[in-house]
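Structural overview
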Amino acid sequence: MKQVLTRNVGLKILSLFLAVLSWVVIMNIDDPYITKTIDDIPVNILNENAVEENNKMYEIDSGDTATIKVKGKRSIIDGLKAEDFNAIADFKQMSMTYAVPIQISLKESSRLSEYDVEILKQTEMMTLSLEDADVQTFRINVVTIGEVPEGYYIAETIATPNLIEISGSKKQISKIKEITVEVDVSGRTESFEYPAKPVAYNENGYAVESSKLVFETNQVLVEVKILPTKDITLEIVQEGVPYYGYECSNIAWQPQKITIAGEIDDLKHISTLKIPFNVEGKKETIVSDISIEDYLDENYILVDENKSVAVTAKIEKLDSKDVMVRAVDINVRNLSNEYEVLFVTRGTITLRVMGLADKLDGILGRDLEPYIDLDGYSVGTYYVSVKSDVNSSVSVRPTTIGIEIVEKNID
């Protein structure tokens, strides 16, 4: 038996070697070794506070992702992805030139070992720029998106908090022009609250990269107040009178209707807004713009973009005309039944009438309805004013006449 086992030992060893060699060749043909480049492996940062403790902020100039070349069997290498690797930059290892070495290894969860995968080449460094840290406080602006339905108005938007503190490098902070939160109001007819995310924008309206900024809060509560609207009439009312001998012949204004917003119960109580316009002592036509909001009750909001009313008050100089009135045509009022009046001034009396030329044409003495008021008078001789019940389109200059009051002769 021993002779059988030891017979042709060299041949048997050669056969075994050839068998192993054949297996290796076959395996390399079916599952050969290959190399592969894997890009965009995220680099995780360790000991970030090593920079921040020196009141510095950093920006990554290069090396925020890593690239490696690996070697191994096709069956293993073909299935590898960026997610199978850990890339770490430890800021405690940062050099004087702000370069940090990147260490790359297989994740334990990949169930592979360094014997299965050989890393041939990798991105070596993450390079940084360091700047002084800065902290500033900004006002939060609310921006509405969309439109509320017709007949409704966004009366107010309130952000809580309305100020926000932002930390970052001086370079990044200097880029910020405003902080805004956006709220969609499309189709809304009632007031509501909405949690919104603050976003920093530069002077060109582009968002500033928020990953390099630290916001005091990442959520702002926005209260949006929506009110119904109503169209009302705008009326300009003359106040005072022009200089003697002048008249305000017309007041024109635009707009004549305005749109306001308010609570439903308040809107029920308003249909007209009256604004006084003072022409006291004026001799010339007045042109003015008046703020509508100055006369609008605090319960209402002016919706129109134009917040003023344009007013023109036409002031014209009056013409005059002398009209003759007979004394007997003067009506006596409020005289006691015990007395009667004798006119000392006899014949005709001249009354000067003032008004616009077209109003004076055709006016006669009887049209003026002249009268004297003798309320409280008793027996005696007096000079009294002749008044007129003339219509408001003209005015009568007061004139005095002499009268005598006597007791009635009762037979």
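Everything below is about the structure shown above.
These lines cover the structure that appears in this document, whether it is placed above or below. In this text, all values refer to a predicted model and were calculated from it rather than measured experimentally.

**As for the overall build of the protein**
When you go through the protein residue by residue, the secondary structure sums to seven helices and 28 strands. Its C-alpha atoms give the protein a radius of gyration of 50 Å, more than 25% over the compact-globule value 22 Å for 411 residues. Across its three principal directions, the C-alpha atoms of the protein cover 190 × 45 × 35 Å. Residue burial in the protein is summarised as follows: out of 411 residues, 32% are buried. Long-range pairs, those at least 24 residues apart, make up 74% of the contacts in the protein between residues at least 6 apart in sequence. When the accessible area of the protein is evaluated, it comes to approximately 26200 Å², of which 47% is carbon and sulfur surface. A distance of 8 Å separates the average location of the 42 positive side-chain charges in the protein from that of its 67 negative side-chain charges.

**Comments concerning the side chain of Ser169**
Relative to the helices and strands, Ser169 resides in strand β9 (residues 163–169). For Ser169, a relative accessible area of 3% puts it in the buried group. Excluding its chain neighbours within four sequence positions, the residues that come into contact with Ser169 are Met57, Glu59, Glu131, Asp132 and Asp134.

**With respect to the pattern of salt bridges**
Enumeration according to the criterion identifies five salt bridges in this entry. One salt bridge connects Lys268 with Asp265, and the closest N-O pair in it is separated by 3.8 Å. Arg352 is the partner of Asp322 in a salt bridge, and the nearest nitrogen-oxygen pair spans 2.9 Å. Remark: Arg352 occurs in strand β24 (residues 348–355) and Asp322 occurs in strand β21 (residues 319–326); sequence separation between them is 30 residues. Taking the relative accessible area as the measure of exposure, Asp322 reaches 40% and is therefore partly exposed.

**Some points on the environment of Tyr300**
The topology assignment puts Tyr300 in the loop between β18 (286–291) and β19 (301–302). Once the C-alpha coordinates of Tyr300 and Leu267 are considered, the two residues, 33 residues apart in sequence, prove to be 8.1 Å apart.

**Focus on the sheet that holds β21**
Taken together, three strands build an open sheet; the order of strands is β21-β24-β27 and the sheet is antiparallel. Of all the strands in the sheet, just β21 and β27 (394–396) have a single pairing partner and so form its edges. Adjacent strand axes in the sheet meet at a mean angle of 30°, parallel and antiparallel pairs treated alike. Sheet analysis places β21 next to β24, joined by eight bridges and oriented antiparallel.

**Comments concerning the sheet that holds strand β22 (residues 331–333)**
Within a sheet, neighbouring strands are paired by backbone hydrogen bonds and run either parallel or antiparallel to one another. Overall, mixed pairing links the five strands, which are arranged β22-β25-β26-β28-β23 in an open sheet. The open sheet has two edge strands with one neighbour each: β22 and β23 (339–343). Going across the sheet, the axis of each strand differs from the next one's by a mean of 40°, ignoring polarity.

**Remarks on the pairing of strand β20 (residues 308–317)**
As judged from the eight bridges shared by strand β15 (residues 246–254) and β20, these two strands associate in the antiparallel manner. Paired with Asn250 across the bridge in β20 is Lys314. Here β18 runs beside β20; their pairing, made up of six bridges, is antiparallel. Among the inter-strand pairings, Ile286 is bridged to a residue of β20, identified as Ala313.

Calculation notes
- Residues numbered from 1 in each chain as written.
- Predicted model: local features only at pLDDT ≥ 70, side-chain atom pairs only at ≥ 80, totals over all residues.
- Heavy atoms only, no water.
- Helix = DSSP H or I, 4+ residues; strand = E, 2+ residues; numbered from the N terminus.
- Rg over C-alpha atoms; globule rule 2.2 N^0.38 Å.
- Buried < 20%, exposed > 50% of the residue type's maximum accessible area, 1.4 Å probe, protein only.
- Contact = heavy atoms within 4.5 Å.
- Areas by Shrake-Rupley, 256 points an atom, 1.4 Å probe, with all protein chains shown as cover.
- Lys, Arg positive; Asp, Glu negative; His and termini not counted.
- Charge placed at Lys NZ, Arg CZ, Asp CG, Glu CD.
- Salt bridge = Lys/Arg side-chain N within 4 Å of Asp/Glu carboxyl O.
- Pairing = 2+ DSSP bridges.
- Axes fitted to C-alpha atoms, helices over the stretch in contact; angles between N-to-C directions.

These figures come from the coordinates and say nothing about function on their own.
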